[in-house]
Amino acid sequence: MANFLIKRLVLLIPVFLVVSVIIFMIIHLVPGDPIDNIVQIGSTPQQKAALTAKYGLDKPLIVQYAIWFGKLMTGDLGEAIILRQPVSSLIAQNLPHSLILGSLALAFSTVVGIATGALAAIRRDSWVDRTVMAVILLGSTVPSFWLGLLMILVFAVHLGWFPVSGARSWSALVLPVLTIGLGGVALVARVTRVAMMDISRRDFVMMLHAKGVPPWRINLQHILRHALLPVVTILSLRIGWILGGAVTIEYVFARPGLGSLLITSLNQRDYPVVQGCLLMLAIAVMLGTLLGDVVQALIDPRVRERTG
Amino acid sequence: MALLSVTDLSVSIGRLKPLDGISFDIGKGEIVGMVGESGSGKSLTAMSVMGLLPLIGGKMTSGSIRFDGIDLATLPEPRYRALRGRRIALISQNPMTSLDPIIRIGAQIDQVGILHLGLSDAAAKARSIDIMRQLRIPEAATVHGNYPHQLSGGMKQRVVIAMALAADPELMIADEPTTALDVTIQAQIIQIVVDLVRERGLSLMLITHDMGVVAQACDKVVVLYAGRVAERNGIDAIFGEPQHPYTRELIRCIPRHDQLRGSLTGIPGAVPSVMDYPSGCRFHPRCADALDICAGAIPALEQKAAGFAACHAAINAAGKVSAHG
Ligand SMILES: Nc1ncnc2c1ncn2[C@@H]1O[C@H](COP(=O)(O)OP(=O)(O)O)[C@@H](O)[C@H]1O
Ligand code: SF4
Ligand SMILES: [Mg+2]
């Protein structure tokens, strides 16, 4: 298992290099630049050029990248051009909000999704199954920002159970977590249900019945365990999505977070901040995939062997 | 009294009626072979005895199955479950797919002892390793901690057999236990099963499509064709004076000069589909001895010579061809 982990980590190094290049290129290829946002009206082209030179934006892209990456290796994400703060401290202020929201939403999707999916698979073709399927259909077709607005309207404005926006209290987390999490619940429930129904037709399940193993054991200790493999795959892909995809939800609920920071600095072409945010998201995606691989390896000995 | 007594068993799956009036007995300590080409209903008969038809959407539509005096057809599921793996055990056809691939071999055998004999984990493990040794699994203690994919097909089948033996069953049902295996180890596995069954005085229903295996192992034979019993007899009578033309064809197809067993490709004509069984005697389109009445009248399973056969042309116990009598 340690072997497996080391191999997986080493594999991430080239991925990280490629990702850093892509992140850097994308933002610099977008038209517009941060200097337009900080020069005063009526400044001369000379003043503008001076500012451009000050932030090193006059150098060739490859040189700019080398400087940025060199600093990155020492843990320095640079200085925000517009916000005039170290990027690392901006991220430090915002990341925890995103992490809390993201991990709660992930935990919610995982637990509720697996439970409902398993229930639907075990009671297949019953009213339980049909109800779950209907909710899944709804959950996977309704866009999450719309769901968020609807929830604000019903639970915050009309019923007044939760705050409309902000991040001051724990109760302010409920609606955003539900909004992000419900789509995940639908996805996880669907994958769990299909996987369980699929696995229940396999020969070894018939053998378990022939051994006299009670159905609840067969369902939970054998079939569900197998079904976790595809579930873990989609969940690990979703970790990045939840952090990045929380962008619109953070906006809808006016919460601080990596998403809000990213949108703001993207609008202002605040290159170092955008790069820092994207880098964080990329790392989250990579760690999510790694975590997924590790969990799969823990469940399935064949996965361990293939890469271990 | 027979340990297992199947009488007039009919099974339906949806609109299909794959089994029609199957009857046979298995006595204590007896090895009964069940032969027939693929699709004749051998596995479904096994599933019926195991009470597992609901898993594939099938149900018994008539007949009875009695095991040690217990009427299995009406036995409530929890009591049936207590019987499965405990008193009646199944050895499945394909060892490659019969084990849970992500659970250690040992745990899968131990499960039976823990579940049915109430053993502690440690006692179940000791028992499993002991059974594995009896099945001549080398380094049983190591294999106990292995995963299925680390074992060869033959070893996996021994593990499946160990699972079946783990709770000391009285009746074992082996559904073509060697079909999926390499020909070189088929006879070896059959011999291991037969030796164990004889040693312990167990009863065995040995499903196969190979008359050669029957000759090697069985006391009695039930020949199935297209969901019906064609012939039932003792091993000597079956080979000595087979009554049913289908039985004769099966015997004719045993590979003689070859040590290895071939499959039954030698009978002319195709096995009929369950969707479209022929009228009258279901074997009549392929039967060289067919009489005029064979296409219209279903031959009853009657006493013929030493055993039972369902054939209009067979000589019955009174020495008459039943079609004329
Ligand atoms: N799950 C099922 N659904 C529908 N038909 C089935 C099913 N299982 C078996 N059958 C049909 O029942 C007949 C007997 O099958 P089976 O008992 O598996 O034959 P055997 O084991 O002798 O090869 C075959 O015609 C087969 O197509
Ligand atoms: S009943 Fe007729 S068709 Fe059927 S096996 Fe006997 S002779 Fe052949
Ligand atoms: Mg079969």
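Summarised in this report is the structure supplied together with it. Model, not experiment: these values are computed from the prediction.

**Some remarks on the packing of helix α1 (residues 2-29) of chain A against helix α4 (residues 61-73) of chain A**
Relative orientation and spacing of two packed helices are given, respectively, by the angle between their axes and the distance between those axes. Residues and elements named next belong to chain A. Two elements in contact, α1 and α4, have axes whose closest approach is 11 Å; the angle formed by their N-to-C orientations is 130 degrees. As judged from the angle between their axes, α1 and α4 are oblique. Considering how the two elements wind past one another, α1 and α4 form a crossing that is right-handed. Where α1 abuts α4, its residues F16, L17, S20, V21, F24, M25 and H28 lie against L61, Q64, Y65, W68, F69, L72 and M73. A class-by-class count of the residues in the contact of α1 with α4 yields 11 nonpolar, 3 polar and no charged.

**Let's talk about the sheet that holds strand β6 (residues 88-91) of chain B**
Residue and element names in this part refer to chain B. Spatially, β6-β7-β8-β3-β9-β10-β12-β11 is the arrangement adopted by the 8 strands of the open sheet, whose pairing is mixed. The sheet terminates laterally at β6 and β11 (302-304), the two strands that pair on one side only. Neighbour to neighbour, the strand axes of the sheet diverge by 25 degrees on average, direction disregarded. Where helix α11 (residues 245-252) meets the sheet, its contacts fall on β3 (31-35), β9 (220-225) and β10 (228-234), and the angle it forms with β9 comes to roughly 105 degrees.

**Structural notes on the layout of surface pockets**
The computed volume of the largest pocket comes to approximately 590 Å³. Lining the largest pocket are 22 residues; nearest its centre among them are S200, V205 and H209 of chain A together with P54 and L55 of chain B. For the lining of the largest pocket, the secondary-structure elements that each account for two or more residues are α9 (203-210) and α10 (215-252) of chain A together with α2 (77-83) of chain B. Within the lining of the largest pocket, the residues separate by chemical class into 11 nonpolar, 4 polar and 7 charged.

**A short note on the packing of aromatic side chains**
According to the stated counting rule, one finds 8 aromatic pairs over all chains in the structure shown. A centroid spacing of 5.4 Å and a plane angle of 70 degrees characterise the contact between F24 of chain A and Y65 of chain A, whose relative ring orientation is edge-to-face. Highlighted residues: F24 of chain A in helix α1 and Y65 of chain A in helix α4, separated in sequence by 41 residues. Given the relative accessible area of 14%, Y65 of chain A is considered buried. Ring pairing ties together the aromatic residues F24, Y65, W68 and F69 of chain A, which thus form one cluster. The side chain of R232 of chain B reaches across the aromatic face of F308 of chain B, ending 4.7 Å from its centre.

Rules and cut-offs
Per-chain numbering applies: the sequence of each chain, read as written, is numbered from 1 onward. Going through the entries in the order they are written, you letter the chains from A and number the ligands from 1. Local features in this predicted model are restricted to residues whose pLDDT is 70 or higher, and side-chain atom pairs enter the listing and the counts only when it is 80 or higher, whereas totals over whole chains, interfaces and linings include all residues. The basis for every side-chain value is the complete set of heavy atoms in the structure, and neither hydrogens nor water enter the calculation. Axes, fitted as lines to C-alpha atoms, cover a helix only where it is in contact. Angles between the N-to-C directions of the axes lie from 0 to 180 degrees. Counting from the N terminus, the helices are the DSSP runs of H or I reaching at least four residues and the strands are the DSSP runs of E reaching at least two. Roughly parallel means an angle under 35 degrees; roughly antiparallel means over 145; roughly perpendicular covers 65 to 115; every other angle is labelled oblique. Crossings are assigned a handedness: left-handed for a near helix turned anticlockwise from the far helix by less than a right angle, right-handed for a clockwise turn. Should any heavy atoms of two residues lie within 4.5 Å, those residues are considered in contact. Amino acid classes used here: Ala, Val, Leu, Ile, Met, Phe, Trp, Tyr, Cys and Pro are nonpolar; Asp, Glu, Lys and Arg are charged; the rest, including Gly, are polar. In this description, strands pair whenever DSSP reports at least two bridges between them. Buriedness of a pocket was judged along seven lines, with at least five required to meet protein on both sides within 12 Å; pockets are open sets of points on a 1 Å grid over the protein atoms alone, cavities are sets where a 1.4 Å probe fits but cannot get out, and lining residues have an atom within 4 Å of a point. Grid points are joined across faces, edges and corners, and a volume is the space filled by probe spheres set on the points. Stacked, edge-to-face and tilted labels apply to pairs of Phe, Tyr and Trp rings (six-membered ring for Trp) whose centres lie within 6.5 Å, assigned for plane angles under 30 degrees, over 60, and everything in between, in that order. The cut-offs for exposure are 20% and 50% of the maximum accessible area for each residue type, with area from a 1.4 Å probe on protein chains only; residues under the lower value are buried, those over the upper are exposed, and the others partly exposed. Charge-over-ring contacts are defined here by two conditions on Lys NZ or Arg CZ: a distance within 6 Å of the ring centre and an angle within 35 degrees of the ring normal.

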